[in-house]
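# Survey of secondary and tertiary structure
Here are the chains, one letter per residue:
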Amino acid sequence: MPLELGNLNRRRFFAGIAGAGASWLGRQALSAAEAIEAPGGTWALLSDTHIPADLGERHRGSCMAENAGRIVTEILSRDSGTAGVIVSGDCARLFGRADDYRNFAGLIEPLVHGRREVHLLMGNHDNREVFADTCATAFPDRGGPTGRRTAFLPSEHLNWFLLDSLEEGTPVAGRLGREQLDWLAAALDRHPDKPAVVMAHHHLKIRPERGGIYKPMSALRDSAELHEVMKSRPQVKAYFYGHTHRWEIGRTREGIHLVNLPSSAYVFEASQPGGWVEATAREDGLDLVLHSVNPLHRAHGERHRLRWR
Ligand SMILES: [Fe+2]
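Everything in this summary refers to the structure shown in the same document. Being a predicted model, the structure only gives us computed values, none of them experimental.

What counts as what
The written sequence of each chain sets the order in which its residues are numbered from 1. In view of the model being predicted, local features appear only for residues whose pLDDT reaches at least 70, and side-chain atom pairs are presented and counted only at 80 or more, with totals across whole chains, interfaces and linings using the full set of residues. Computation of side-chain values: all heavy atoms of the structure, hydrogens and water removed. Between any two strands, pairing holds if DSSP finds at least two bridges. To qualify as a helix, a DSSP run of H or I must reach at least 4 residues; to qualify as a strand, a run of E must reach at least 2; elements of each kind are numbered from the N terminus. Here an angle of 0 to 180 degrees is reported between the N-to-C directions of two axes, which are lines fitted to C-alpha atoms, with helices fitted over the stretch in contact. When checking whether two residues touch, look at their non-hydrogen atoms; a contact exists if any pair is within 4.5 Å. Any N, O or S atom lying within 2.8 Å of the metal counts as a donor, and for Na, K and Ca the limit rises to 3.2 Å; water is left out, so some sites can look incomplete. In short, tetrahedral needs four donors with all angles between 85 and 135 degrees, square planar needs four and octahedral six donors with opposite donors over 155 degrees apart and all other angles between 65 and 115, and whatever is left is irregular. Whether a residue is buried, partly exposed or exposed follows from its accessible area with a 1.4 Å probe, protein chains only, as a fraction of its type maximum: under 20%, in between, or over 50%, in that order. Each direction from the helix axis to a C-beta atom contributes to the arc, which is the arc of those directions.

## Quick word on the sheet that holds strand 8 (residues 196-199)
- On the basis of which strands lie adjacent, the open sheet formed by six strands has the order 6-7-8-9-11-10 and mixed pairing. The open sheet terminates on both sides in strands that have one partner only, identified here as strand 6 (151-154) and strand 10 (248-251). Within the sheet, the average angular offset between the axes of one strand and its neighbour, ignoring direction, is 20°.
- Summarising the sheet, strand 6 and strand 7 (residues 159-162) pair through four bridges and their orientation is antiparallel. By the bridge assignment for strand 7, F152 is matched with F161.
- Where helix 6 (residues 178-190) meets the sheet, its contacts fall on strand 6, strand 7, strand 8 and strand 9 (236-241), and the angle it forms with strand 7 comes to roughly 170°.

Next up, the structure:
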């Protein structure tokens with residue numbers, strides 16, 4: 001399962017992160033959290049936080065920890081993420097080290113204090129075992145396929161299906177594997193009546209409605225198999241992912257929305273925004289707002305209304 005921080009496991013989570021930097025940048029957000037009334041139904045979606053062992057480390061002009069701390073404060077102060085917070089993988093800097101996860105846990109701690117459910121996916125820069133040993137020892141896997149961290153998250157207007165595309169020994173690309181695909185297919189078949197949104201870290205190697213395939217070598221290796229599972233089930237409305245550090249929305253030819261979440265940490269192309277996405281579910285779709293870490297970026301505040309197929 002992704003790390004899930006609900007009311008029941010909150011106390012144990014804190015017991016597990018008594019490491020260096022656990023409260024760094026947290027106090028400011030914590031005071032904001034205390035003022036939260038917590039109604040609403042929005043999801044805060046982040047990806048590629050790349051939190052390092054050295055909280056002051058910078059990469060491509062950005063301080064990853066500072067950005068994450070600022071976003072956590074923003075989520076709390078905006079009443080965002082009241083339905084939950086999902087981080088779409090690459091929580092750790094590069095190699096999934098223990099100190100990365102201790103710092104990561106410290107940075108998201110205010111969200112837990114602010115009574116947000118937090119769900120984490122694994123990316124190619126994560127390490128399942130180190131993650132579990134460092135900050136998720138209180139959250140044993142619940143029988144996901146072949147040790148993968150998968151989750152089914154029901155909500156009022158839609159169901160989330162969180163997948164684990166980290167393939168050990170593969171530095172950049174990802175793979176779900178047959179067992180996880182079968183798990184997804186079965187889970188979708190048990191829940192046909194509500195719109196389904198699928199999320200994994202990696203982008204798909206399938207031809208979208210418009211444009212080309214983005215960097216196929218670093219994509220999900222079993223993209224075609226996942227696409228087959230999704231397109232044959234009409235309740236699947238969208239696929240969310242991270243990995244590319246790009247903010248982009250496309251669609252498959254069958255009308256499944258493809259939403260590339262931006263990185264909160266840094267971008268590879270100067271024109272791209274870093275940041276996070278606020279998602280509010282409707283009965284017939286999902287409203288998205290991009291929040292850039294640079295409020296002067298032209299994409300900051302950009303709104304998209306996804307309508308379900
Ligand atoms: Fe990344």
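## What to know about the coordination of the iron ion
- Protein coordination at the iron ion comes from D48 (OD), H50 (NE2), D90 (OD) and H245 (NE2), with a distance range of 2.0 to 2.4 Å.
- For the iron ion, the four donor atoms are set out with angles of 88 to 177° between them, so the coordination reads as irregular.
- In terms of primary sequence, the donors binding the iron ion are separated according to D-x1-H-x39-D-x154-H. Within this pair, whereas D90 is found in the loop between strand 4 (84-87) and helix 4 (98-113), its partner H245 is found in the loop between strand 9 and strand 10, the two being separated by 155 residues in sequence. Comparing D90 with H245, the two get one shared label, buried.

## Considering helix 7 (residues 223-231)
- Where helix 7 is concerned, the buried positions are S223, L226, H227, V229 and M230. Angularly, the buried residues of helix 7 cover 160° about the axis, an arc narrow enough to put them on a single face.
- Looking at the buried side of helix 7, the elements it contacts are helix 6, strand 8 and strand 9.

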